[in-house]
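Working through the structure, step by step
What follows is the residue order along each chain.
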Amino acid sequence: MKVAWVAALGVIALLGGCNDRPRPYQGWVEANLIFVGPDEAGRVETLTVREGDPVTVGQPLMTVDSDLQRADLNLNQASLANAQQTFQRAQQLLKSGTGTQKDFDSAQAALREAEARVVSSQTRLTRRKLASPVTGTVQQVFFRPGEVVAAGKPVLALLPPGNMKVRFFVPETELAKITYGDRVDVNCDACGAGIQARVSFISRSVEYTPPVIFSLEERAKLVYLVEALPTEPARLRLGQPVDVARVPKQAAATAEAKP
């Protein structure tokens, strides 16, 4: 009988120890995508990348038809030539005393305005060739060559590795245990062990558990959204479900102190 009581106490102590361990939070992988598209509407002429391709900063991505922009540039260049002639004539007349200062000032202002229009047209024409603003991978292609894209509509979505983040929900009763900069362990199917992340965002707004997250206790509860930046984003995939485990501060400090 005494042995049985000792065994029972051991099981109770073991269960109590398990209950003290932080429960994993359910979450998923998201990212801040970079959308690339033309400033003005047009037809996609060329597309030099495909979904999944790696890209670097400045790498050409696509071109959009530029007929209207070229016509606008030619028109403004013709206006600039006329403005230059008018300015030179007004300058000569002012020097000879037959012109007025007012006419000269007007011609000078018109010349500057014509020069500004040419620069604007050249900029619009240059922007018909789009290059990658970041280093990353092509996550999605929305328009193909031959399709017309509206102004400001993205043609590509790029994913820089540093823009990956893990989002999960923490119950209101455990929110005080998590602070900015805390380390968390991230686990997922076929990811392998050892993925870590740092808490970078804690929502100030409370909400109910979204239906896509399955509550461990199968009941509605108040939760707060938390985001963490993974140290090895290449090991994660966008939209992937993950389990996030809070690392006790003492354990995290001990691990970081080791060489």
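Since the structure is predicted, the reported quantities are computational estimates derived from the model, not experimental observations.

Taking 1.5 Å per residue as the helical rise, helix 2 (residues 67-96) with its 30 residues ought to reach 44 Å, and the 44 Å between its terminal C-alpha atoms agrees with that figure. The complete set of buried residues in helix 2 reads Gln-69, Leu-73, Asn-76, Leu-80, Ala-83, Phe-87 and Ala-90. The secondary structure elements touched by the buried residues of helix 2 are helix 3 (101-126). At the C-terminal side of helix 2, Gly-97 shows a positive phi close to 90°.

What follows is about the sheet that holds strand 7 (residues 136-141). Spatial strand order, 2-9-7-4: four strands in an open sheet with antiparallel pairing. At either margin of the open sheet sits one strand with a lone partner, and together these are strand 2 (34-36) and strand 4 (54-55). Pairing of strand 2 with strand 9 (residues 156-159), which is carried by three bridges, proceeds in the antiparallel orientation. Among the inter-strand pairings, Phe-35 is bridged to a residue of strand 9, identified as Ala-157.

Residues at a pLDDT of 70 or more form 82% of the chain, whose mean pLDDT is 84. The secondary structure element of the chain with the lowest average pLDDT is helix 1 (residues 2-20), at 40, and the one with the highest is strand 5 (residues 60-64), at 97. Contacts of residues 1-20 to residues separated by more than four positions or lying in other chains number zero contacts, the stretch itself having pLDDT below 50.

Let us now look at the pairing of strand 7. Strand direction decides the pairing type here: strand 4 and strand 7, joined by two bridges, are antiparallel. Bridging across to strand 7, Pro-54 finds its partner in Thr-137. With four bridges connecting them, strand 7 and strand 9 associate as antiparallel partners. Among the inter-strand pairings, Thr-137 is bridged to a residue of strand 9, identified as Leu-159.

Moving on: the packing of aromatic side chains. Scanning the model with the defined rule gives four aromatic pairs in all. Geometrically, the ring pair formed by Phe-35 and Phe-142 is tilted, given 6.3 Å between the ring centres and 35° between the ring planes. In this pair, Phe-35 is assigned in strand 2 and Phe-142 in the loop between strand 7 and strand 8 (148-149), connecting sequence segments 107 residues apart. Relative to Phe-104, the ring of Phe-87 has its centre 5.4 Å away and its plane inclined at 40°; by these criteria the two rings are tilted. A residue pair is termed long-range when its members are at least 10 positions apart, and Phe-87 in helix 2 and Phe-104 in helix 3 qualify at 17 residues. Residue classification places Phe-87 among the buried residues on the basis of a relative accessible area of 15%. When its relative accessible area of 12% is taken as the criterion, Phe-104 is described as buried.

Rules of the game
Note that residues are indexed from 1 along each chain, following the sequence as it is written. Selection of residues for local features in this predicted model requires a pLDDT of at least 70, selection of side-chain atom pairs for listing and counting requires 80 or more, and totals for whole chains, interfaces and linings are taken over all residues. Hydrogens are left out, water is left out, and the side-chain values use all remaining heavy atoms of the structure. Segments assigned H or I by DSSP are reported as helices when at least four residues long, segments assigned E as strands when at least two residues long, and all are numbered from the N terminus. A helix's residues, less one, multiplied by 1.5 Å, set its expected span. When a residue's accessible area, from a 1.4 Å probe over protein chains only, is under 20% of the maximum for its type it is buried; when over 50% it is exposed; and in between it is partly exposed. Between two residues, a contact is recorded if the distance between any of their heavy atoms is within 4.5 Å. A pair of strands is labelled paired if DSSP reports no fewer than 2 bridges between them. Every residue carries a pLDDT, the predictor's confidence in it, which falls somewhere between 0 and 100. Geometry of aromatic contacts follows a simple scheme: Phe, Tyr and Trp rings, the Trp one being its six-membered ring, pair when their centres are within 6.5 Å, and the pair is stacked under 30 degrees between planes, edge-to-face over 60, tilted otherwise.

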